[in-house]
Amino acid sequence: MYKIYINENLLCLGTRDEIAALTDVSLAMPYYGKSKALLNLSDRLEKVADGRTMAVSSDDPHALWSDFQGLYRVIPAAGGLILNNQEELLLIYRRGYWDLPKGKQDEGEELEQTATREVAEETGLKVTLGTLAGETWHTYRSKKGKRILKPTFWYHMYAPETDLTLQSEEDIEDAQWINPSKVMESDLVIYRNIAELIDASQFPVNK
């Protein structure tokens, strides 16, 4: 099943059985090959931010996914779930939410390189790269109003030093190290996809 976050809402694309197994779904609909229906659904989710879940089913989920991607410009990114010596996770604060360090992939760059470069640029940390932790997808609009679909590839990382140099040009205002098991219990305002990524990740990770 494909999961895309749109303005803090979740859109699920999958088979009939996958969609039928979901709970707390505001709307579930079959896909008949008309991508305009997907566009209309995405527009609806852009206009609200109440954490709802909508779902679309198809006998050919790969074709459904391909049609959905065709509505957007796809811009890959990579970032890190960074642990320190105390096995605390680094969160950064920007634009009203707590987030993880990440950024867009440069041309000719491997995703692992993107992840470590972006972490260094946004936090000043030199990290040891670990395994791939997961992948998230979310949409947004460019400054010119273009539809963007961003797949972000997240890597486990280890930081022996914890002194931070935050990148203010990327609107990073604050940062904190927190026990990963306490994130979901905290009152921090975290992007929904980031919270679910952290909750699904296994900590600590072997250095």
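Going by the structure above, here's the rest.
All values derive from a computational prediction rather than experimental measurement.

A.B. asks: Any details on the layout of surface pockets? Residues and values, ideally.
C.D. replies: The calculated volume of the largest pocket comes to roughly 890 Å³. What lines the largest pocket is a set of 30 residues, and nearest its centre among them are Arg95, Lys102, His138, Tyr140 and Lys150. Sorting elements by how many residues they give to the lining of the largest pocket places strand E10 (residues 128-141) first, with five residues. As a volume, the second largest pocket reaches approximately 150 Å³. Lining the second largest pocket are Lys3, Tyr5, Gly134, Glu135, Thr136, Trp137, Asn193, Glu196 and Leu197. Element by element, the count of residues in the lining of the second largest pocket is highest for E10, at four residues.

A.B. asks: Can you lay out the pairing of E10 for me, pointing to particular residues and giving the numbers?
C.D. replies: A regular strand carries its side chains on alternate faces of the sheet. Summarising the sheet, strand E1 (residues 2-6) and E10 pair through two bridges and their orientation is parallel. Directly across from Ile6, in E10, lies its bridge partner Thr139. Examined bridge by bridge, E10 and strand E11 (residues 147-158) share eleven bridges and lie antiparallel to one another. Note on E11: the bridge partner recorded for Arg141 is Arg147.

A.B. asks: Which residues make up the packing of aromatic side chains, and what are the values?
C.D. replies: Taken as a whole and judged by the stated rule, the model has six aromatic pairs. Seen in terms of ring centroids, Trp65 and Phe68 are 6.0 Å apart; in terms of plane orientation they differ by 10°. Their pairing is stacked. Highlighted residues: Trp65 and Phe68, both in helix H3 (residues 61-69), separated by three residues, approximately one helical turn. For Trp65, a relative accessible area of 9% gives the class buried. Overall, the relative accessible area of 0% leaves Phe68 in the buried class. Ring centres of Phe68 and Tyr72 lie 5.1 Å apart, and the angle between their planes is 40°; on these two criteria the pair is classed as tilted. These aromatic residues form a ring-pair network of at least three members: Tyr2, Trp65, Phe68, Tyr72 and Trp137.

A.B. asks: Quick rundown of the environment of Arg141? Include the residues and the values.
C.D. replies: With respect to the element layout, Arg141 can be found in strand E10. The class of Arg141 is partly exposed, set by a relative accessible area of 36%. Considering only alpha carbons, one finds Arg141 and Tyr72, 69 residues apart in sequence, at a separation of 9.7 Å. In this view, Arg141 contacts Asp43, Glu46, Lys146 and Arg147; residues no more than four positions away in its chain are not counted. In terms of polar contacts, Arg141 uses its side chain to reach the backbone carbonyl oxygen of Gly145, at 3.0 Å.

Parameters at a glance
Residues numbered from 1 in each chain as written. Predicted model: local features only at pLDDT ≥ 70, side-chain atom pairs only at ≥ 80, totals over all residues. Heavy atoms only, no water. 1 Å grid on protein atoms, 1.4 Å probe; cavity = no way out; pocket = protein on both sides within 12 Å on 5 of 7 lines; lining within 4 Å. Points joined across faces, edges and corners; volume = space filled by probe spheres on them. Helix = DSSP H or I, 4+ residues; strand = E, 2+ residues; numbered from the N terminus. Pairing = 2+ DSSP bridges. Phe/Tyr/Trp six-rings, centres within 6.5 Å; stacked < 30°, edge-to-face > 60°. Buried < 20%, exposed > 50% of the residue type's maximum accessible area, 1.4 Å probe, protein only. Contact = heavy atoms within 4.5 Å. Polar contact = N/O pair within 3.5 Å; in protein donor to acceptor, adjacent residues only side chain to side chain.

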